[in-house]
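Inside the fold
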4 protein chains.
Amino acid sequence: MNELTILISCPDQVGLVTNITRVLAAHQLNIIAMREFVDEPNKAFFTRIACIGIFEETKKLKDKLLENLPNNAKVDLIAKKEKQIVVLVTKEYHCLAEILIKNQFKSLGANVKAVIGNYEELRDFTEQLGIPYFHVSHADKDKSAFEQEMKTIINQFDIDYIVLAKFMRILSTGFVKEYAGKIINIHHSFLPAFIGANPYRKAFERGVKIIGATAHFVTDNLDEGPIITQHTTHVDHNFGVKEMVRAGKENEKKVLLEALELIFENRVFVSGNKTIVFK
Amino acid sequence: MNELTILISCPDQVGLVTNITRVLAAHQLNIIAMREFVDEPNKAFFTRIACIGIFEETKKLKDKLLENLPNNAKVDLIAKKEKQIVVLVTKEYHCLAEILIKNQFKSLGANVKAVIGNYEELRDFTEQLGIPYFHVSHADKDKSAFEQEMKTIINQFDIDYIVLAKFMRILSTGFVKEYAGKIINIHHSFLPAFIGANPYRKAFERGVKIIGATAHFVTDNLDEGPIITQHTTHVDHNFGVKEMVRAGKENEKKVLLEALELIFENRVFVSGNKTIVFK
Amino acid sequence: MNELTILISCPDQVGLVTNITRVLAAHQLNIIAMREFVDEPNKAFFTRIACIGIFEETKKLKDKLLENLPNNAKVDLIAKKEKQIVVLVTKEYHCLAEILIKNQFKSLGANVKAVIGNYEELRDFTEQLGIPYFHVSHADKDKSAFEQEMKTIINQFDIDYIVLAKFMRILSTGFVKEYAGKIINIHHSFLPAFIGANPYRKAFERGVKIIGATAHFVTDNLDEGPIITQHTTHVDHNFGVKEMVRAGKENEKKVLLEALELIFENRVFVSGNKTIVFK
Amino acid sequence: MNELTILISCPDQVGLVTNITRVLAAHQLNIIAMREFVDEPNKAFFTRIACIGIFEETKKLKDKLLENLPNNAKVDLIAKKEKQIVVLVTKEYHCLAEILIKNQFKSLGANVKAVIGNYEELRDFTEQLGIPYFHVSHADKDKSAFEQEMKTIINQFDIDYIVLAKFMRILSTGFVKEYAGKIINIHHSFLPAFIGANPYRKAFERGVKIIGATAHFVTDNLDEGPIITQHTTHVDHNFGVKEMVRAGKENEKKVLLEALELIFENRVFVSGNKTIVFK
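Let me begin by describing the structure that accompanies this report. Model, not experiment: these values are computed from the prediction.

Further remarks concern the interface of chain A and chain C. Listed per partner, the contact involves 31 residues of chain A and 31 residues of chain C. Buried surface at the junction of chain A and chain C, summed over both partners, amounts to about 2,700 Å²; 57% is from carbon and sulfur atoms. Considering only the surface of chain A that becomes buried against chain C, Arg206, Lys209 and His237 of chain A emerge as the three largest contributors, covering 28% of it. Scanning the region where chain A abuts chain C turns up two salt bridges. In this structure, Glu224 of chain A and Arg206 of chain C form a salt bridge, with 3.9 Å as the shortest nitrogen-oxygen distance. Counting the contacts that link chain A with chain C gives 17 residue pairs in polar contact (both at pLDDT 80 or more). Counting residues per element, the ones that place at least two in the side of chain A that touches chain C are α7 (199–206), β11 (227–234) and β13 (274–277) of chain A.

Between the two copies of the chain lies a rotation about an axis combined with a shift along it. With an RMSD of 0.0 Å, the fit of chain D onto chain A corresponds to turning through 180° and sliding 0.0 Å along the axis. The superposition operator between the copies reduces to a two-fold rotation axis. The position closest to the rotation axis in chain D is occupied by the C-alpha of Gln128 of chain D, lying 2.9 Å away.

The subject of this paragraph is the sheet that holds strand β5 (residues 83–89) of chain A. Residue and element names in this part refer to chain A. The strand order across the open sheet formed by seven strands is β7-β6-β5-β8-β9-β10-β11, and the pairing between neighbours is mixed. Among the strands making up the open sheet, the edge pair consists of β7 (133–135) and β11. Going from strand to strand, the sheet's axes swing by 20° on average, the running direction of each strand aside. Where β5 lies against strand β6 (residues 110–117), seven bridges are found, and the strand directions are parallel. The residue bridging Ile85 from the neighbouring strand is Val112, located in β6. Here helix α3 (residues 94–104) sits on the sheet in contact with β5, β6, β8 (161–164) and β9 (183–187), set at roughly 145° to β6. Along the sheet, helix α5 (residues 143–154) contacts β5, β6, β7 and β8; its crossing angle with β6, the most-contacted strand, is approximately 155°.

Next up on the list: the pairing of strand β3 (residues 44–53) of chain D. All names here are of chain D. Counting buried positions over the ten residues of β3 gives nine, a clear majority of the element. As paired strands, strand β1 (residues 2–11) and β3 are joined by ten bridges and run antiparallel to one another. Counted as the bridge partner of Leu7 is Arg48 from β3. As paired strands, strand β2 (residues 30–39) and β3 are joined by nine bridges and run antiparallel to one another. Its bridge partner lying in β3, Arg35 is registered against Arg48.

For helix α7 (residues 199–206) of chain C, every residue scored as buried is listed here: Pro199, Tyr200, Ala203 and Arg206 of chain C. Buried residues of α7 of chain C, viewed axially, fall in a sector of 125°; they line one side. Residues of α7 of chain C that are buried sit in contact with β11 of chain A together with β10 (210–217) and α8 (241–264) of chain C.

Tallying the contact residues gives 18 residues for chain D and 18 residues for chain A. Summing both partners gives a buried area of about 1,600 Å² for chain D against chain A, and 48% of it is carried by carbon and sulfur. Contact with chain A buries surface across chain D, with Tyr93, Phe105 and Gln128 of chain D losing the most and accounting together for 34% of the total. The shortest N-O distance in the salt bridge between Lys253 of chain D and Glu98 of chain A comes to 2.5 Å. The set of elements that each furnish at least two residues to the side of chain D that touches chain A consists of α3 (94–104), α4 (123–128) and α8 (241–264) of chain D. The element that contributes the greatest number of residues to the side of chain D that touches chain A is α3 of chain D, accounting for five residues. For the side of chain D that touches chain A, a count of residues per class yields seven nonpolar, four polar and seven charged.

So, on to the sheet that holds strand β6 (residues 110–117) of chain B. All names here are of chain B. Judged by pairing direction, the sheet is mixed, and its seven strands sit side by side in the order β7-β6-β5-β8-β9-β10-β11 without closing on themselves. The outermost strands of the open sheet, each flanked by one partner alone, are β7 (133–135) and β11 (227–234). Going across the sheet, the axis of each strand differs from the next one's by a mean of 20°, ignoring polarity. Across seven bridges, the pairing between strand β10 (residues 210–217) and β11 is antiparallel. Following the sheet pairing, Ile211 is matched in β11 by Thr233.

What follows covers the pattern of salt bridges. Across all of its chains, the model carries 88 salt bridges over all chains by this definition. Across the pair Glu67 of chain B and Lys64 of chain B runs a salt bridge, and its minimum N-O distance is 3.6 Å. In this pair, Glu67 of chain B and Lys64 of chain B are both assigned in helix α2 (residues 58–67), three residues apart and thus about one turn of the helix distant. You can call Glu67 of chain B exposed: its relative accessible area is 59%. We note a salt bridge from Lys253 of chain D to Glu250 of chain D, for which the minimum N-O separation is 3.3 Å. Within this pair, Lys253 of chain D and its partner Glu250 of chain D are both found in helix α8, separated by three residues, close to a single helical turn. Under the relative-accessibility criterion, Lys253 of chain D is labelled buried at 8%.

Applying the stated criterion across every chain yields a total of 34 aromatic pairs over all chains. Both rings, one in Phe105 of chain A and one in Phe125 of chain D, keep their centres 5.1 Å apart while their planes meet at 75°; by these two values the pair is edge-to-face. One end of the pair, Phe105 of chain A, is in the loop between α3 and β6; the other, Phe125 of chain D, is in helix α4, on a second chain. A relative accessible area of 22% places Phe105 of chain A in the partly exposed class. The buried category is assigned to Phe125 of chain D, whose relative accessible area is 2%. On the basis of an interplanar angle of 45° and a centroid distance of 6.0 Å, the ring pair of Tyr161 of chain C and Phe264 of chain C is categorised as tilted. In this pair, Tyr161 of chain C sits in strand β8 (residues 161–164) while Phe264 of chain C sits in helix α8, placing the two residues 103 residues apart along the sequence.

The rules behind these values
- Residues numbered from 1 in each chain as written.
- Chains lettered and ligands numbered in written order.
- Predicted model: local features only at pLDDT ≥ 70, side-chain atom pairs only at ≥ 80, totals over all residues.
- Heavy atoms only, no water.
- Contact = heavy atoms within 4.5 Å.
- Buried area = accessible area lost by both parts, 1.4 Å probe.
- Salt bridge = Lys/Arg side-chain N within 4 Å of Asp/Glu carboxyl O.
- Polar contact = N/O pair within 3.5 Å; in protein donor to acceptor, adjacent residues only side chain to side chain.
- Helix = DSSP H or I, 4+ residues; strand = E, 2+ residues; numbered from the N terminus.
- Least-squares fit on C-alpha atoms with pLDDT ≥ 70 in both.
- Pairing = 2+ DSSP bridges.
- Axes fitted to C-alpha atoms, helices over the stretch in contact; angles between N-to-C directions.
- Buried < 20%, exposed > 50% of the residue type's maximum accessible area, 1.4 Å probe, protein only.
- Arc of directions from axis to C-beta.
- Nonpolar A, V, L, I, M, F, W, Y, C, P; charged D, E, K, R; others polar.
- Phe/Tyr/Trp six-rings, centres within 6.5 Å; stacked < 30°, edge-to-face > 60°.

Take a look at the structure:
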């Protein structure tokens, strides 16, 4: 008996749940958790089904499901396995450390294959935990050369996701397209407030009473990709920029790790510029 | 086209979702939201289905569903209608006011038929908002006489729920049994901490850094009924008992109203001493 | 023995606390709570001191304090008394109701003298609770006539603050200047996100996972005044605009009432475009 | 110019702040932050003052302060320096990892001198990060021998605090007394709910909707010491014991690290069975 997660998205119509569950029952699969959502304005249907059973012929199961669904349905059958990821960093350790610790103790739901940094600051720590560190400097070269170096490293591994753990360079449209739907970023503000650089300084200058962070998929519009998770934390007049940065880091790592957990458990659909998250 | 909410609980077995959704499809009902939960240790299945369609023969639909479900299944078909409630109070206004305001502006999801108080303090306010107020004193009589007076009033109305909005008398086992599953209480602590009287004083003396509140169904074990919602709020050394009470009241009304909203929208199942809440 | 709250702001220099507390001790005043803050970048000092004693000559006490402080110090001595307020509304009841309920049960820290609405929707409810309601329509007249009508009503009362409880008209620079530092607004987003109209629709379209609200003093830049309090609440893909509005309202009333409580207890300083809030 | 933190506690009386600040001014010390609290029921005064200046003769400054304070005043002058700590663990990594990561990147406010574990599970990880790990098994010996072994290790270092980072053995009264006021524990429930072992199982069985964690000083009454910080997190019917434990761990590390930060910044007073925390 194995566990299988089935993700389906398709145009909405009457009878979808019956059609899907009838196929599963015919294959002797027992549903242990099922979530569905109908995006009414866009007439789109999404479901995530966790089931257990014997899966000798997933290809046949997928075909059978597609037969019973509208024409342009998308069906993913995901046997329980860990994702493979590469992490991109600059100088800040807090998000990387959270990822590497969970990786080390097998509670990340993914394997970190490598860390790529555009500085050397995080090499020692990464290597202490036994993970390969690649330094790819952005200095003295144009962006396409910089990104090509990173791609050469990334493509050595059969990765599922690239995690930007406070990676402070803007990626080109070409890079983003090459890994479409696979790049996750943590932005240090509650988007859409404080888009762009130095959000904590802007927050300080505006005198806000909350600061936040946003984990999102990267698309070619900076800070405009589908949002996965967001949290905020309270600040007051005692917080200068430095204190906001410190409090913000705790929030950033929480938001990013929550997003990664959801993604690695196959709980996140992207639909247009939004996400559907089956918690 | 009408909306119908279907609540089903039964022993878990393979194929339940298929069986249920096939019946619905055969009746031309379109599912707009569906949630299910399997309580693995107790092998129990729960589902809440919101659907739209034409319901001329709900009796037949119910029979058809029961035919396709295990023997002791429980099926409720709930056409969208407001619940009828009676509110019991003592002297504190904050929960009552929140209920009466939402009642007045048709955003409670229920109609308040009457307020019963064991003091006169809240009469004027209740009557200003046009709701009948009945004073039933607990003084100078035994509990059974006190409760009989309340029952006579309550039973004038065809009520769905009795809401204890800071009603500070303990109800007898007999009373609770008569309205089994229909009485909702707000307890002024995060149960199971500070069971019983004066929780804020106990919280102050213990020096806790959070206080809380709990909305629960009333069973014959005081403060032991199935919990529906809980929230906490932060306090510090500046909070004396009075300040804790004040902060606590804001929390209490939030917790109670959230529970009522969930119940009135048919989102809460009781299973043993726990609740399943499909938010 | 009475209670007195002393608010002082002045340029920062060494010895301020000693100078101030020496004056208070000389007047036999016992400090029961004291908070201070130094705005380093602007070299400004702020303190709030609650003390008890006998205050026969507050004029002399104020002069003595000013003598011992830098030249352009600002000193307020506030004997414990309730503020007088007028509330401006449009059609939404939730913030107004929260204010009127607390007003009725003497837990607002202020007296509501009147409610002014640019529609008639909230008249009945306001009058049920015994508060005068004035209808001033914005239709069929220019903004200056509209505001003049409101001013004539407001100026009948000796008010401390004007509370915009979901008042959906933009006030002119002239109006704002006339009541400078006295107008408090609740904005239905976590500013600076979603400035302007329809924030919940914008939030829905952006696919955010949190929505928020902001209470702020009104200055002549729309949605740019000093922020007093902010909170956020979580939403997900199940929230359409309607559900966001509903969840948002609970947040809005919480944020506004928290701000009012802080202001009415003399805990808020305005410094440039920011607030210092001694909770 | 150096920074000095002054902690004073003494019986409350009129003029304390004047007396204290006059001494500081006479020594040319500039107050940059000051917090005070009067515990009215116990007539006790507490203050934390951060100041900058030149401190050649802290002994004289302390004597001068004591001269100007009631008889049994307690005065601590703390020049900015990192605390020295030892961490006790059993098998769970999450709190230890958070401490060691912050230690490594110099953001803990303390130096971890050693980790002592009653199992070997966390040796490799600790040593990877360059920190000495001592295995002291509790098996095959009585408690006093077990504790004596730990004391021998602890006493090699001049430690300020012992942090129990999910150390699952109960310490004897003798051990606790020897390090009175220096032992900090993280308890995996929102005390006083679920005192003792297996709080997540008890929480699951009770059907609560929130779980929590509590950081507290250890006294000889198990789980009864002064509480420093507490937070809660929401759970629902989908959470079995395993899921509660997982969510709880995130909360535990947050609560413990927040407490440690406050302690290491000299922001926590213990008064009887409570704490005063100047955030």
